[in-house]
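Tertiary structure, described
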Protein chains: 2
Amino acid sequence: LYDFTAEPGNNELTVKEGEILTVTNQEWDDDSDDGKSTGGYGGSQVEEGGTMQRAGGHSTMKLSLNKFPGFSKTPNPEVYLLTKHIAKGDERLPIYTGEVGPVWLYPQTQLDCVVADPKKGSKMYGLKSYIEYQVTPNTTNRPVNHRYKHFDWLYERLVEKFACALPIPCLPDKQVTGRFEEEFIKMRMERLQGWMSRMCRHPVISNSEVFQLFLNYRDEKEWKLGKRRAEKDEIVGVKIFSNIDPELPELDPAQQKYEMYSQFTRSMDNSVKELLAVGHLHWKRCTGPLQKEYRQIGKAFQNLSSVFNTSAYPRESTLTEALTATGKTYEEIAEIVAEQPKKDLHFLMETNLEYKGLLGCFPDTITVHKAAIDKVKEADHVVVMNKISQQDKLIMEKNLSTMSYALQAEMNHFHSNRIYDYNRLMQFYLEEQVKFYETIAEKLKKTLGQYTTM
Amino acid sequence: LYDFTAEPGNNELTVKEGEILTVTNQEWDDDSDDGKSTGGYGGSQVEEGGTMQRAGGHSTMKLSLNKFPGFSKTPNPEVYLLTKHIAKGDERLPIYTGEVGPVWLYPQTQLDCVVADPKKGSKMYGLKSYIEYQVTPNTTNRPVNHRYKHFDWLYERLVEKFACALPIPCLPDKQVTGRFEEEFIKMRMERLQGWMSRMCRHPVISNSEVFQLFLNYRDEKEWKLGKRRAEKDEIVGVKIFSNIDPELPELDPAQQKYEMYSQFTRSMDNSVKELLAVGHLHWKRCTGPLQKEYRQIGKAFQNLSSVFNTSAYPRESTLTEALTATGKTYEEIAEIVAEQPKKDLHFLMETNLEYKGLLGCFPDTITVHKAAIDKVKEADHVVVMNKISQQDKLIMEKNLSTMSYALQAEMNHFHSNRIYDYNRLMQFYLEEQVKFYETIAEKLKKTLGQYTTM
């Protein structure tokens, strides 16, 4: 927590009675995973891979009996595949046929929340300070307070519980830009808002007990009890599929769409990265060389005007005034150009960064699915070896069908959100771009009016 | 003329009877000072210094008796200063008081000409080819043909005759840009047009016999006779002042404005160079990295659209079509951005290059003037030494007054043209810039219309 050099050997700092310990570098937040970065929209800030590495170490995975060879890192779907499940009332996650195919059950009113009003709090007589955000769900309209580490706790629970079936995008952490504390906090809040809104929009996640606890706890006691309960939740990892109950005919194990999904998410990941890279380049150009160049153009016109002013020629003033105004206009354009990325590119970049994070989770989700398919393919062989019964095999096929429907429902959820997000994004971007070009044209037109036709 | 390596010692190529001489590198123009450059609008292409170096070696300067010490390179004004002049009818160059001070006598109708229709001609059975331009003055509307070397001949005559009193801007030659013959010819023609128009606008130059000959000769014979006559003209160098006849009271030799003029032209020279430098930078950015970047943005949107198209999700087409259109729009913007400098910056650069050339001639013109002032300052001393009479001194003062009026008239001519040129230039530049931003805004607006509000 504090910057000090530990003693060699024991990694501790010995303080003897009577010594005065002066803390010179006080950290403003006690969240340990709170790395700041000043890198802007670099191409490599979202960690590759996604969530499964984090979920990989969880106890569920260790429960796997591993009757099949060759699985070490991927969560083993076997523990789910071999059991006959009847989903219970409260936790049941139905899948219906919608217009676009299998879909999750969406609530009548969509949950959403506002993350706002970051406040500095402190503990330990001011030695530890942290930022607390106010989170207000649209259902209760009653705000709850959360520190970054609470969001991180929620993320950990969601990964444990859902990541085998649903891509859970990383929390914004190391991606955060901003050289100043205020800027950093604002950016983090904006990204936490984006993350929370995405979670709220997901019918499975938003309806889960742990997510509801996070948004609706009434007091410290309820929060602590809820936390303990959530940490003891046993329906985690591949077991989540046992809650899923497709109200649809069983799928033929041979008809799997995962390859198409895998292909799509990989292609989109590449495309999103390309857009981020060119956006990053454009951002740098606008705030760097382009701003500088328009300033120089502005200065050059103003300098010429200053020189003309010294001519002592009697018919000078109309031109010099117009020239000065032109120079100032180009200086204004320089600032408009430099500010523009914040107005349009920012949202485009943020949304694509979010998608980059989300897309990074799909390979893991799809790998679980692929592992299940492979197990079912091997089932006949394993039956022959008398390790499982013919009945087990039918259960496996039924369960694989459930996993397939879950993947399809999730992909349809993803596609629907994607179309909505990118449509909104592009409209917003183009609107701001149109305003940008119109503003400059308007300014130049006004300046042009200052010249007289001779 | 032809590329060959001369024999050591005599710089010749010996061809013996029976040998075959194969010309492998045929030049397309026989103008010897016809250097091409591909450098675009670099900062150092107009040679510094101006015209006087060229005029420096002329016979007039050698006529100087050099009664005063310390002049070697600057044309010596003494030959003019010491003689009493009465300007003759035809060649007389009056100076009047205009609204802005001393001015040349301007003609009722301003002379102008059109340089157009470049044609390839050839001599020596096709071995020598050259470009001939058609020059049509507005007075006769009758075209005459001239090759580049004729323009150069005219330039030499104008420098000899007028450069002590009037800045004669260099002909466009080494500045010419263009990697292709056609582009090169077009650019040279455009610049010859600019140079001719500037010469036509000058009341002293346009009215001179040599300039009239260049525009109005009726046949080869008249041209050749006129050429010979012009080459034998004796009123050249500082003698041109003897034709100048200010109809104004004699000026006090102590009241000289040349320092102000010197300061102004130097400052403007710097300012013009600054504008050229930043313009050059901007040109390169528009046709280089900016074009590339907008193409990349366009490609990124189109790639994303292609990926979306593979989703097999049923509600895809509206977004993908709009996204593709957006991508294509940014590709169009890339081309608009790259073409824009030709539309607006080109004229700004050309005019400033012309002014850079013109401003480079002022130091020499002003130096002649300064030399004359110094001589008159020394006159008292020289009178005491009995080298000149008191009467001579009065003549010198009268002649210096004439030189001063000439410089003032010339500066007023310069200022009047400068205000007109820069006013027109800025209006044109801003008009084109407004069009540029409006065109892009319009294109983006149209694309925005393809998105549906969800």
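A brief structural summary.

Cut-offs and rules
- Residues numbered from 1 in each chain as written.
- Chains lettered and ligands numbered in written order.
- Predicted model: local features only at pLDDT ≥ 70, side-chain atom pairs only at ≥ 80, totals over all residues.
- Heavy atoms only, no water.
- Helix = DSSP H or I, 4+ residues; strand = E, 2+ residues; numbered from the N terminus.
- Contact = heavy atoms within 4.5 Å.
- Areas by Shrake-Rupley, 256 points an atom, 1.4 Å probe, with all protein chains shown as cover.
- Expected span 1.5 Å × (residues − 1).
- Buried < 20%, exposed > 50% of the residue type's maximum accessible area, 1.4 Å probe, protein only.
- Pairing = 2+ DSSP bridges.
- Axes fitted to C-alpha atoms, helices over the stretch in contact; angles between N-to-C directions.
- Polar contact = N/O pair within 3.5 Å; in protein donor to acceptor, adjacent residues only side chain to side chain.
- Buried area = accessible area lost by both parts, 1.4 Å probe.
- Salt bridge = Lys/Arg side-chain N within 4 Å of Asp/Glu carboxyl O.
- Nonpolar A, V, L, I, M, F, W, Y, C, P; charged D, E, K, R; others polar.
- Parallel < 35°, antiparallel > 145°, perpendicular 65-115°, else oblique.
- Left-handed = near helix turned anticlockwise from the far one by under 90°.
- Disulfide = S-S within 2.5 Å.
- Least-squares fit on C-alpha atoms with pLDDT ≥ 70 in both.
- Phe/Tyr/Trp six-rings, centres within 6.5 Å; stacked < 30°, edge-to-face > 60°.
- Lys NZ or Arg CZ within 6 Å of the ring centre and 35° of its normal.
- Core = buried A, V, L, I, M, F, W, Y, C linked by side-chain atoms within 4.5 Å.

This brings us to the overall build of chain A. A tally of regular secondary structure across chain A gives 13 helices and six strands. A separation of at least 24 residues holds for 77% of the contacts in chain A among residues at least 6 apart in sequence. Total accessible area on chain A stands at roughly 21,900 Å², and carbon and sulfur atoms take up 50% of it.

To continue, consider helix 4 (residues 148-162) of chain A. Given 3.6 residues per helical turn, the α-helix brings residues three or four places apart onto the same face. Helix length check: helix 4 of chain A, at 15 residues, gives a terminal C-alpha distance of 21 Å against a target of 21 Å (1.5 Å per residue), a fit within 8%. In terms of burial, helix 4 of chain A is largely enclosed, as 13 of its 15 residues are buried.

Residues and elements named next belong to chain A. Ordered in space as 2-1-6, the three strands form an open sheet in which the pairing is mixed. Whereas interior strands pair on both sides, the edge strands pair on one side only; in this sheet they are strand 2 (101-104) and strand 6 (244-246). Averaged over all pairs of adjacent strands, the angle between their axes in this sheet comes to 35°, without regard to strand direction. With four bridges joining them, strand 1 (residues 93-98) and strand 2 adopt antiparallel strand pairing. Looking at strand 2, one finds that tyrosine 96 is bridged to valine 103. Across the sheet, helix 13 (residues 390-448) lies against strand 1, strand 2 and strand 6, angled at about 80° from strand 2, the strand it touches most.

All names here are of chain B. For glutamine 291, the location among the structural elements is in helix 9 (residues 258-309). With a relative accessible area of 12%, glutamine 291 lands in the buried category. One polar contact links glutamine 291 to glutamate 335, side chain to side chain, over a distance of 3.0 Å. Look past the residues within four positions of glutamine 291 in its chain and what remains in contact with it is Arg285, Cys286, Ala334, Glu335 and Ala338.

This part covers the interface of chain B and chain A. Listed by partner, the interface residues are 66 residues for chain B and 66 residues for chain A. Summed over both sides, the interface between chain B and chain A buries roughly 6,500 Å², with carbon and sulfur atoms accounting for 70% of that surface. Between Arg418(A) and Glu316(B) there is a salt bridge, and its shortest N-O distance comes to 2.7 Å. Our count for the contact surface shared by chain B and chain A stands at 20 residue pairs in polar contact (both at pLDDT 80 or more). The set of elements that each furnish at least two residues to the side of chain B that touches chain A consists of helix 9, helix 10 (317-343) and helix 13 (390-448) of chain B. Class assignment of the residues belonging to the side of chain B that touches chain A gives a composition of 38 nonpolar, 17 polar and 11 charged.

Turning our attention to the packing of helix 9 (residues 258-309) of chain A against helix 11 (residues 345-359) of chain A. Residue and element names in this part refer to chain A. One way to put it is that helix 9 packs onto helix 11 with a least axis distance of 9 Å and a crossing angle of 150°. Taken together, the axes of helix 9 and helix 11 lie roughly antiparallel to each other. The two elements helix 9 and helix 11 cross, and the hand of that crossing is left-handed. Of helix 11, the residues touching helix 9 (which contributes Thr265, Met268, Asp269, Val272, Lys273, Leu275, Leu276, Gly279, His280, His282 and Trp283) are Leu345, His346, Leu348, Met349, Asn352, Leu353, Tyr355, Lys356 and Leu359.

With that out of the way, let us pick up the state of the cysteines. Counted by the stated rule, this structure contains zero disulfides over all chains. Lacking any disulfide linkage, Cys164(A) is separated from the closest cysteine sulfur, that of Cys361(A), by 12 Å. Among the cysteines around Cys170(B), which has no disulfide bond, Cys361(B) carries the closest sulfur, lying 5.7 Å off. Residue class for Cys170(B) comes out partly exposed when judged on its relative accessible area of 24%.

Below, the discussion takes up the sheet that holds strand 4 (residues 128-137) of chain A. Residue and element names in this part refer to chain A. Judged by pairing direction, the sheet is antiparallel, and its three strands sit side by side in the order 3-4-5 without closing on themselves. The sheet is open, and its two edges are formed by strand 3 (113-123) and strand 5 (144-147), each paired on a single side. In this sheet, adjacent strand axes meet at a mean angle of 35° when their direction is disregarded.

Further remarks concern the relation of the copies chain B and chain A. Superposition of the two copies of the chain requires a rotation about an axis and a shift along the axis. Once chain B is rotated about the relating axis by 180° and shifted along it by 0.0 Å, it coincides with chain A to within an RMSD of 0.1 Å. These values place the two chain copies in the arrangement generated by a two-fold rotation axis. Across chain B, the rotation axis passes nearest the C-alpha of Tyr437(B), at a separation of 2.7 Å. An overlap of 100% is found between the interface residues of chain B and their copies at the interface of chain A, pointing to a shared contact surface.

Inspection of the entire model under this criterion finds 35 aromatic pairs over all chains. Note on Tyr80(B) and Phe241(B): the rings are 5.5 Å apart at their centroids and 40° apart in plane angle, and the pair reads as tilted. Of this pair, Tyr80(B) sits in helix 3 (residues 78-81) while Phe241(B) is found in the loop between helix 8 (220-231) and strand 6 (244-246), placing the two residues 161 residues apart along the sequence. Taking the relative accessible area as the measure of exposure, Tyr80(B) reaches 2% and is therefore buried. Ring pairing ties together the aromatic residues Tyr133(A), Phe151(A), Trp153(A), Phe214(A), Tyr217(A) and Trp223(A), which thus form one cluster. In this arrangement the basic side chain of Arg188(A) is found over the ring face of Tyr148(A), its NZ or CZ atom lying 3.7 Å from the centre. Lying across the ring of Phe308(A), Arg418(B) places its NZ or CZ 4.3 Å from the centre.

Counting residues in hydrophobic clusters, the biggest one holds 242 residues, and the most contacted among them are Met196(A), Phe241(A), Met196(B) and Phe241(B). Residues within four places of Phe241(B) in sequence aside, it is in contact with Tyr80(B), Cys164(B), Ala165(B), Val368(B), Thr402(B), Met403(B) and Ala406(B).

Turning next to the pairing of strand 3 of chain A. Residues and elements named next belong to chain A. Bridge count between strand 3 and strand 4: nine bridges; the pairing is antiparallel. Residue cysteine 113 lies in a different strand from strand 4, and its bridge partner there is proline 137. Between strand 3 and strand 4, which follow one another and run antiparallel, lie four residues, and methionine 124 among them has a positive phi close to 55°.

A few words now on the pattern of salt bridges. Residue and element names in this part refer to chain B. A complete count under the given rule lists 49 salt bridges over all chains for this structure. With a closest N to O distance of 3.8 Å, lysine 375 and glutamate 78 form a salt bridge. Taken together, the positions of lysine 375 in helix 12 (residues 362-384) and glutamate 78 in helix 3 put the pair 297 residues apart, joining distant regions of the chain. The pair lysine 375 / glutamate 78 is uniform in exposure class, with both members buried.

This next bit is on the side chain of Ser311(A). Residue and element names in this part refer to chain A. You can see serine 311 is positioned in the loop between helix 9 and helix 10 (317-343). Here serine 311 falls in the buried class, since its relative accessible area comes to 4%. Looking at serine 311, its side chain comes within polar contact range of the main-chain nitrogen of tyrosine 313, at 3.0 Å. Polar side-chain contacts of serine 311 include one of 2.4 Å to the side chain of glutamate 316.

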